[in-house]
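Breakdown of the fold
Residues per chain are reported as follows:
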Amino acid sequence: MSDSINVLLVGGGGREHALAWKLAQSPRLGDLWITHPTNPGLAAIAGPDRTLPVPLDLREKRRLVHFCEKKNIALVVFGPEDPLAAGFADVLAAPGRAVFGPGADGARLEADKAWAKHLMRTASIPTAEARTFKDPDAARAYIESREVSHVIKASGLARGKGVIVPDSIDEALDAIDRIMVERAFGSAGDTIIIEERLDGPEVSVFALTDGRAITILETCQDHKRLGEGDTGPNTGGMGAFCPSPLVDAQLMQTIEREILVPTVDALRRDGIDYRGVLYLGLMLTHAGPKVLEYNVRFGDPECQALMPRLDADLLEIMLATAHRRLADIDVAWKPGATCCVVLAAEGYPGTPRKGDPIEGIDTAEAMENVHVFHAGTIRDKAGRIVTNGGRVLSVVACGGDLAEARETAYRAADLIRFEGKVVRRDIASAAVAAAT
Ligand code: AMP
Ligand code: GLY
């Protein structure tokens, strides 16, 4: 059991940099192979010759499997959902090679929201009332016949942009046209869900499951809107903090009993062998916690806030999940809190400006209790780190409490400079204010 383990980590954002950073602390990690060597953070951990030389493409199935065999990869870890939905976990799992992340059948929880709704309904899992439509005329007629507020969702994967919360019937009708007629998200919008609009604060609950055992991780909250005070367009997440003060032990028991356990049971009943992260996007309504969405991966940037708090060997945890030994291991957490501030590029979540040199990363990283995770960055020809995407960096700080973590995170974030830097100044501020 003490042999070293070679790992292939799929994905190239801030979430994957945080996973790689934590995996690298494991005494059992052998070679870490990555798929995205242009991320300077990932490249620094994996080393110069550790890039998957085969395109991550199902047409290259044989070469991918052959590569994993040749390099003795014993664990494949998936960061993002798309390769899981495409079935890469199914292709790469083999005797002697474990996979952290569900197969295409389990990934439907995220990739097929209509199916996920059906699963929730049959398992009596609390979620918003919803109807599914394949025909835009029927969807329009439904909206026009109702007074209440709705949320409109493309059923398939739409890079976090497929959910529209309209302010009027006209906006709702527009959303239907954009998704179903103009096909803004391609085939992801062939089916839409029109859902009752719920109200309440949102939390992210992460659990690991090996298909039987469930290990609940620390809770997080993220800030999805671009602007301060939760205004402006939805983004992938402008910041996060951990733990969430909104979920106490009693509420977590309810979430476990009413949502997590029935979800894992329902998957198993459907013959789905799910091993990986189950991420619940929850709204805490007056009627109790309700599921807004399932994801089959860690959140980004929640993962960046979560990993520095983990006081356990991530490699062992992932292996135990993939080998169905989760019940045998303990997952411990460091006390205190973390706060993650995302530095974005001007233009995000639309088309971000790129190529701006970034200064101050080293100074920020040199601060005690601070970690800087790379997402939209790249080295230019001169070797300088420049911006290369919408969410550029995640700056994470640990503190004795959330106020301290927040204060340190912003001090570190302010040391990093690039043209067009966009930062929300109110990450975790409501939670800090509520605590004092
Ligand atoms: P999702 O990708 O499903 O989490 O949706 C993105 C965001 O849309 C969520 O974080 C919520 O803020 C909002 N949202 C989704 N579903 C609902 C709902 N049923 N009621 C109110 N807001 C929702
Ligand atoms: N931060 C939200 C997500 O990863 O979906």
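As shown above, the structure is provided for reference.
Below, the structure is looked at part by part. Every value quoted in this text rests on a predicted model; they were computed, and no experiment measured them.

Observations regarding empty space enclosed by the protein
If a probe the size of a water molecule is rolled over the atoms, the empty space left behind becomes visible. Counting across every chain of the model gives three cavities of 30 Å³ or more. The wall of the largest cavity is formed by L109, E110, K113, A116, K117, M120, K153, I193, E195, L292, E293 and Y294. Breaking the lining of the largest cavity down by element, the ones donating at least two residues are α6 (104–111), α7 (113–122), β8 (192–196) and β16 (288–295). It is α7 that contributes the most residues to the lining of the largest cavity, four residues altogether. Taken together, the residues of the lining of the largest cavity sort by class into six nonpolar, no polar and six charged. Around the second largest cavity, the lining residues are F100, L208, L217, F298, M307, L310, L314, I317, M318, V331 and W333. Top element by residues in the lining of the second largest cavity is helix α12 (residues 314–322). It accounts for three residues. Tallied by class, the residues present in the lining of the second largest cavity amount to 11 nonpolar, no polar and no charged.

Points about the environment of R140
When you line up the elements, R140 lands in helix α8 (residues 136–144). On the basis of relative accessibility, which here comes to 22%, the residue R140 falls in the partly exposed class. The residues contacting R140, other than those within four sequence positions of it, are L173, I176, D177 and V181. A distance of 2.7 Å separates polar atoms of two side chains, one belonging to R140 and the other to D177.

Observations concerning the site of ligand 2
Around ligand 2 lies a shell formed by D222, K224, G236, Y279, R297, G299, D300, P301 and E302. G236 has a polar backbone atom sitting 3.1 Å from a nitrogen atom of ligand 2. Taking 200 Å² as the accessible area of ligand 2 by itself, protein coverage stands at 90%. Grouping the amino acids of the shell around ligand 2 by side-chain chemistry returns two nonpolar, two polar and five charged.

Looking at the packing of aromatic side chains
Any two aromatic rings considered together are summarised by their centre-to-centre distance and by the angle between their planes. Across all of its chains, the model carries six aromatic pairs by this definition. With a centroid separation of 6.5 Å and an interplanar angle of 15 degrees, the aromatic rings of F100 and F298 are classed as stacked. Of this pair, F100 sits in strand β4 (residues 98–100) while F298 sits in the loop between β16 and α11 (302–306), and the two are 198 residues apart along the sequence. We classify F100 as buried; its relative accessible area is 2%.

What about the pattern of salt bridges?
Applying the stated criterion across every chain, the model contains 28 salt bridges. One salt bridge in this structure joins R324 and D273, with 2.9 Å as the shortest N-O distance. One end of the pair, R324, is in the loop between α12 and β17 (337–345); the other, D273, is in the loop between α10 (249–269) and β15 (276–285), with 51 residues separating them in the sequence. Across the salt bridge formed by D414 and R425, the nearest N and O atoms sit 2.9 Å from each other. A residue pair is termed long-range when its members are at least 10 positions apart, and D414 in helix α14 (residues 402–415) and R425 in the loop between β22 (421–422) and α15 (429–435) qualify at 11 residues.

What counts, and at which threshold
Residues numbered from 1 in each chain as written. Chains lettered and ligands numbered in written order. Predicted model: local features only at pLDDT ≥ 70, side-chain atom pairs only at ≥ 80, totals over all residues. Heavy atoms only, no water. 1 Å grid on protein atoms, 1.4 Å probe; cavity = no way out; pocket = protein on both sides within 12 Å on 5 of 7 lines; lining within 4 Å. Points joined across faces, edges and corners; volume = space filled by probe spheres on them. Helix = DSSP H or I, 4+ residues; strand = E, 2+ residues; numbered from the N terminus. Nonpolar A, V, L, I, M, F, W, Y, C, P; charged D, E, K, R; others polar. Buried < 20%, exposed > 50% of the residue type's maximum accessible area, 1.4 Å probe, protein only. Contact = heavy atoms within 4.5 Å. Polar contact = N/O pair within 3.5 Å; in protein donor to acceptor, adjacent residues only side chain to side chain. Near = heavy atom within 4 Å. Areas by Shrake-Rupley, 256 points an atom, 1.4 Å probe, with all protein chains shown as cover. Phe/Tyr/Trp six-rings, centres within 6.5 Å; stacked < 30°, edge-to-face > 60°. Salt bridge = Lys/Arg side-chain N within 4 Å of Asp/Glu carboxyl O.

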